[in-house]
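# A structural walkthrough
Each chain, letter by letter, is given below.
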Amino acid sequence: MNNEPKTLQQAIQYFSDSDNCLNYLVAHRPEWKDGVVCPTCGSKDISFLASRRLWQCKTRHPKAQFSVKVGTIMEDSALGLDKWLVAIWMQTNCKNGVSSWEIHRSLGITQKCAWHMLHRIRLALQDPKATKVGGQIEVDETFIGGKARNMHVSKRRKRITGRGASGKTVVLGMLQRGGKVRTAVIDERDKDTLQGFVRENVRRGSKVYTDELLSYYGLDSDFAHRIINHAEEYVRGQVHTNGMENFWSLLKRGLGGTYVSVEPFHLFRYIDEQAFRYNNRKEMSDSDRFSLAVSQIAGKRLTYAEVTGKVGETAF
Ligand SMILES: [Zn+2]
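Cut-offs used in this document
- Residues numbered from 1 in each chain as written.
- Predicted model: local features only at pLDDT ≥ 70, side-chain atom pairs only at ≥ 80, totals over all residues.
- Heavy atoms only, no water.
- Helix = DSSP H or I, 4+ residues; strand = E, 2+ residues; numbered from the N terminus.
- Buried < 20%, exposed > 50% of the residue type's maximum accessible area, 1.4 Å probe, protein only.
- Contact = heavy atoms within 4.5 Å.
- Phe/Tyr/Trp six-rings, centres within 6.5 Å; stacked < 30°, edge-to-face > 60°.
- Axes fitted to C-alpha atoms, helices over the stretch in contact; angles between N-to-C directions.
- Left-handed = near helix turned anticlockwise from the far one by under 90°.
- Nonpolar A, V, L, I, M, F, W, Y, C, P; charged D, E, K, R; others polar.
- Donors = N, O, S within 2.8 Å, 3.2 Å for Na, K, Ca; no water.
- Tetrahedral: all angles 85-135°; square planar, octahedral: opposite > 155°, others 65-115°.
- Arc of directions from axis to C-beta.
- Pairing = 2+ DSSP bridges.
- Salt bridge = Lys/Arg side-chain N within 4 Å of Asp/Glu carboxyl O.

### So, the overall build of the protein
Within the protein, the regular secondary structure consists of 11 helices and 8 strands. Taken across its 316 residues, the protein has 47% of its residues classed as buried. Looking at the protein alone, contacts between residues at least 24 apart form 60% of all its contacts between residues at least 6 apart.

What follows is the structure, given as structure tokens:
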């Protein structure tokens with residue numbers, strides 16, 4: 001497609017046309033690269049009902065009529081494709097993220113709708129690749145949240161009992177130098193958790209750089225483990241975790257500014273979102289980043305109950 005939008009303004013204009021939305025989504029769905037297939041049974045024997053912008057699968061089964069939303073994060077959403085695509089554009093390209101209040105005001109939908117929509121988009125932004133990486137790896141942990149004095153009393157009590165005395169959540173991250181960041185929200189900084197994460201994500205024999213936390217001791221049985229003692233110095237040649245620290249500061253800037261309060265339960269989704277932007281920041285245009293996100297929306301579902309933990313409520 002050669003007239004694809006390059007800026008937010010062009011995206012708003014382009015996606016105000018329903019056919020442009022449909023054609024864009026069809027063209028960027030990886031499992032449809034050789035033509036549309038039924039998301040339920042995988043059959044190619046389908047017909048397009050142009051007036052309703054629906055496909056009809058010739059095989060008899062439930063959901064034989066399907067829209068472009070079926071099988072994606074947009075399934076069961078009544079919101080128009082124009083709103084979805086502009087929201088995806090904003091969320092993937094605004095450097096510090098975009099809040100549900102901003103989406104609510106910009107797109108004229110309720111804040112509750114916008115909140116749910118953004119959570120579904122975050123699901124699409126999760127890094128789909130889970131293969132082990134090698135080379136030079138920085139591993140580091142950080143604490144997020146816990147400004148207990150700014151919290152309402154009932155919330156403070158809940159959070160403090162749930163997360164130990166500090167009320168903070170621990171996030172573990174690794175950066176392959178020249179590559180990507182991966183993160184996990186963890187309960188404890190114990191040896192099993194920290195070393196388990198490294199062994200799951202990093203190829204044996206790689207160089208692993210950490211701080212002096214005791215839980216990392218023992219990694220040298222499988223890795224070239226180098227420790228930087230932050231009480232003494234921050235950089236010793238190649239040995240530092242500055243790349244990870246840079247990611248943490250970006251993340252905290254986003255969380256502090258754009259997302260006023262994030263429950264620990266939802267934190268991992270915000271981190272996935274920040275990691276997506278961080279991992280795809282170089283040599284990519286806004287338009288590339290957007291099309292990458294769109295190519296990841298299929299095969300993922302997130303119901304309102306799953307997001308909120310409330311069963312039997314629907315947002316939109
Ligand atoms: Zn079918």
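### As for the packing of aromatic side chains
Counting across every chain of the model gives 10 aromatic pairs. Relative to Tyr 24, the ring of Phe 15 has its centre 5.4 Å away and its plane inclined at 90 degrees; by these criteria the two rings are edge-to-face. Judged by relative accessible area, Tyr 24 falls into the buried class, the value being 1%. Between the aromatic rings of Phe 247 and Tyr 278, the centroid separation amounts to 5.2 Å while the plane-to-plane angle is 75 degrees, which identifies the pairing as edge-to-face. Of this pair, Phe 247 sits in helix α8 (residues 242-257) while Tyr 278 sits in helix α9 (residues 267-279), and the two are 31 residues apart along the sequence. Here Phe 247 and Tyr 278 have matching classes, each one buried. Within the aromatic cluster, the residues linked to one another by ring pairs are Tyr 14, Phe 15, Tyr 24, Trp 89 and Phe 290.

### Brief notes about the packing of helix α3 (residues 81-93) against helix α5 (residues 111-125)
Two elements in contact, α3 and α5, have axes whose closest approach is 10 Å; the angle formed by their N-to-C orientations is 65 degrees. Two packed elements cross with a definite hand, and for α3 against α5 that hand is right-handed. Across the interface between the two elements, Lys 83, Trp 84, Ala 87, Ile 88, Gln 91 and Thr 92 of α3 pack against Met 117, Leu 118, Arg 120, Ile 121, Arg 122 and Leu 125 of α5. In terms of residue class, the contact of α3 with α5 is built from 7 nonpolar, 2 polar and 3 charged.

### Concerning the coordination of the zinc ion
Coordination angles at a metal have ideal targets, namely 109.5 degrees for four tetrahedral donors and 90 or 180 degrees for six octahedral donors. Summarising the metal site, the zinc ion is bound by the protein donors Cys 38 (SG), Cys 41 (SG), Cys 57 (SG) and His 61 (NE2), whose distances to it range over 2.0 to 2.3 Å. Classification of the site at the zinc ion rests on its 4 donor atoms, whose angles at the metal span 106 to 113 degrees, yielding the label tetrahedral. Considered as a linear motif, the donors of the zinc ion on their single chain read C-x2-C-x15-C-x3-H. Separated by 20 residues along the polypeptide, Cys 41 in the loop between α2 (18-27) and β1 (46-49) and His 61 in the loop between β2 (54-57) and β3 (65-66) bring together distant segments of the chain.

### Let's talk about helix α7 (residues 191-201)
Since the α-helix turns once every 3.6 residues, residues separated by three or four places project in the same direction. Among all positions of α7, only Leu 194, Gln 195, Phe 197, Val 198 and Asn 201 are buried. Viewed along the axis of α7, the buried residues span an arc of 150 degrees, placing them on a single side of the element. Seen from the buried face of α7, the exposed residues on the opposite side, beyond 90 degrees, are Asp 192 and Glu 200. Lining the buried residues of α7 we find β4 (136-144), β5 (169-176), β6 (181-186) and β7 (207-211).

### Some thoughts on the pairing of β1
Of the pairings in the sheet, the one linking β1 to β2 comprises 4 bridges and is antiparallel in character. Bridged to Phe 48 within β2 is Trp 55. Linking β1 to β2, which pair antiparallel, is a turn of 4 residues; within it Arg 53 sits at a positive phi near 50 degrees.

### Notes on the sheet that holds β2
If you trace the 3 strands from one edge of the open sheet to the other, you get β1-β2-β3, paired in antiparallel fashion. The sheet is open, and its two borders are formed by β1 and β3, each paired with just one other strand. Sheet topology note: the β2/β3 ladder contains 2 bridges and is antiparallel. Across the sheet, the residue bridging to Gln 56 is Gln 65, located in β3.

### Here we look at unusual backbone geometry
Despite not being glycine, Arg 53 shows a phi value in the positive range, around 50 degrees. Residue class for Arg 53 comes out partly exposed when judged on its relative accessible area of 32%. At Glu 283, a position not held by glycine, the phi torsion is positive, near 55 degrees. When you line up the elements, Glu 283 lands in the loop between α9 and α10 (286-295).

### Comments concerning the sheet that holds strand β8 (residues 224-228)
Within the open sheet, the 5 strands sit side by side as β6-β5-β4-β7-β8. Their pairing is mixed. Only two strands of the sheet have a single partner each, and these edge strands are β6 and β8. This sheet shows a mean twist of 25 degrees between the axes of neighbouring strands, independent of strand direction. Across 6 bridges, β5 lies against β6 in antiparallel orientation. If you follow Val 171 over to β6, its bridge partner there is Val 185. Where α9 meets the sheet, its contacts fall on β4, β5 and β6, and the angle it forms with β6 comes to roughly 170 degrees.

### Considerations on the pattern of salt bridges
The full count for this structure, using the stated rule, is 12 salt bridges. Residues Asp 19 and Arg 53 are paired through a salt bridge, measuring 3.1 Å at the closest nitrogen-oxygen approach. Taken as a pair, Asp 19 in helix α2 and Arg 53 in the loop between β1 and β2 lie far apart in primary sequence, 34 residues in all. Exposure remark for Asp 19: the relative accessible area of 40% places this residue in the partly exposed category. A salt bridge links Arg 277 to Glu 273; its shortest N-O distance comes to 2.8 Å. Residue Arg 277 and its partner Glu 273 are located together in helix α9, separated by 4 residues, close to a single helical turn. This pair shows no difference in class: Arg 277 is buried, exactly as Glu 273 is. Each of the salt bridges in this network shares a partner with another, and the network as a whole consists of Arg 122, Glu 273 and Arg 277.

So, to be careful, I would describe these as geometric facts and stop short of saying anything about function.
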